[in-house]
Amino acid sequence: MNSTAPIRRPIRTGIIGFGLAGRVFHAGLIRAVPALQLTAIATSRKEEVAALDPAIRAVADPQALIADPGIDLVVIASPTGTHAELARAALLAGKHVVVDKPFTLTLAEARALADLARETQLTLTVFHNRRWDSCFLTVRQAIEDGVIGRVTRLWSCFNRFRPQVRDRWREDGSPGSGLLYDLAPHLVDQALVLFGKPEVVSADIAILREGGAADDEVAITLRYPGLRVQLGASMNTPDAGGGGAPRFAVDGTQGRLVKRLLDGQENQLVSGMHPGDSGWGEDADPLVVHDAQGVASTRPAITGRQETFYAQLAAFLQGTAPIPVTPEEAVAVQEVIEAAQTSAREGRVVALPLP
């Protein structure tokens, strides 16, 4: 939703949560955008905040950050089960809000937040940063260019080989843990960007690791007229670099596209790189194009640019660009996630839209 009036620079920004998402993704990308000023972080890790930048205030209580009149934009990077409550509180406090994916635990919560943003005329968006992955940008451009004609099937896999269960909330079986909430929203969002909402959803969701408490294997099929989209996320399968399935494989009426490797911006951020550094977002893994006669050629990968999310959001808040992810788009992702849950639980296909 649009704000009541453009915000003058700098847009004073606070993050709730300083785990992997808050520390690596949000803090790293926010600080790369001159129009945003990272002012405060709600966390118990005061020493880590000071090490990042002594000018950033560490706040113990998320509600205190939300109530702070010196904050314009609240970024919610806390565990999934807290997203809806914190987003609602921030909107009611008059703040613009970014929610890390997944948006919420339920479709009802997502719809309620979108409604509240409309009522308050405040900005609400969800951090679907992987719209700006090199692998996705490259495949999307080739599809839009008509390189393989009309797309008939797309496979999209996001795999990690972690056979041992880790002691962390994302794997402990608590609400919002597991791959359906962790990696699957990225895949679903990308599919909806390419093709819109499907007519029917089916899914298989499983726990395959010994001692596992949260789902670690997800397979979702989106059915469209003349098109099937198959999405897979696994903690039990290497990515293509380790001999596993390619990140994308796309069949069309005039050939096939294969993009082997996952975008590297997450690894770059973890290693300490930032947008603007030499090599940032670069991807040496080309897109392979197989034409209708089976002849292969390559297209260079497009450079990844996840910082675009925050750069575009800042421009939106200043009245000069569209919002990077609309609340309606975020609700649509949640609708597919909920349909996948129902399909896996009840062993049936689920038609959209959901009531």
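For the structure itself, look to the data block above.
Cut-offs used in this document
Residues numbered from 1 in each chain as written. Predicted model: local features only at pLDDT ≥ 70, side-chain atom pairs only at ≥ 80, totals over all residues. Heavy atoms only, no water. Core = buried A, V, L, I, M, F, W, Y, C linked by side-chain atoms within 4.5 Å. Buried < 20%, exposed > 50% of the residue type's maximum accessible area, 1.4 Å probe, protein only. Contact = heavy atoms within 4.5 Å. Helix = DSSP H or I, 4+ residues; strand = E, 2+ residues; numbered from the N terminus. Pairing = 2+ DSSP bridges. Right-handed = clockwise from strand over helix to strand, strands pointing away.

Novice: Describe the nonpolar core, and please don't skip the residues or the numbers.
Specialist: Membership of the largest hydrophobic core comes to 73 residues, with the highest contact counts inside it found for Phe 103, Ile 220 and Leu 222. Dropping the residues within four chain positions of it, Leu 222 is found in contact with Ala 191, Pro 198, Val 200, Val 201, Leu 227, Arg 228, Val 229, Leu 231 and Val 336. Counting 33 residues, the second largest nonpolar core, distinct from the first, contains Ile 11, Leu 36, Leu 38 and Phe 127.

Novice: Tell me about the pairing of strand β5 (residues 96-100), and please be specific about residues and values.
Specialist: Most of β5 is tucked away: five of the five residues are buried. Of the two faces of β5, both are covered, the one formed by His 96, Val 98 and Asp 100 as well as the one formed by Val 97 and Val 99. One ladder, built from four bridges, connects strand β4 (residues 73-76) with β5; its direction is parallel. Its bridge partner being in β5, Val 74 is matched across the sheet by Val 97. Following the backbone out of β4, through helix α4 (residues 83-92) and into the adjacent parallel β5, one traces a crossover that is right-handed. Across four bridges, β5 lies against strand β6 (residues 124-127) in parallel orientation. Directly across from Asp 100, in β6, lies its bridge partner Phe 127.

Novice: Account for the pairing of strand β1 (residues 11-16), naming residues and giving values.
Specialist: Most of β1 sits out of view: five of its six residues are buried. Relative to strand β2 (residues 36-42), β1 runs parallel, the two being bridged by six bridges. For Ile 16, the partnering residue across the bridge sits in β2 and is Ala 42. With helix α1 (residues 20-30) bridging β1 and its parallel neighbour β2, the resulting β-α-β unit is right-handed.

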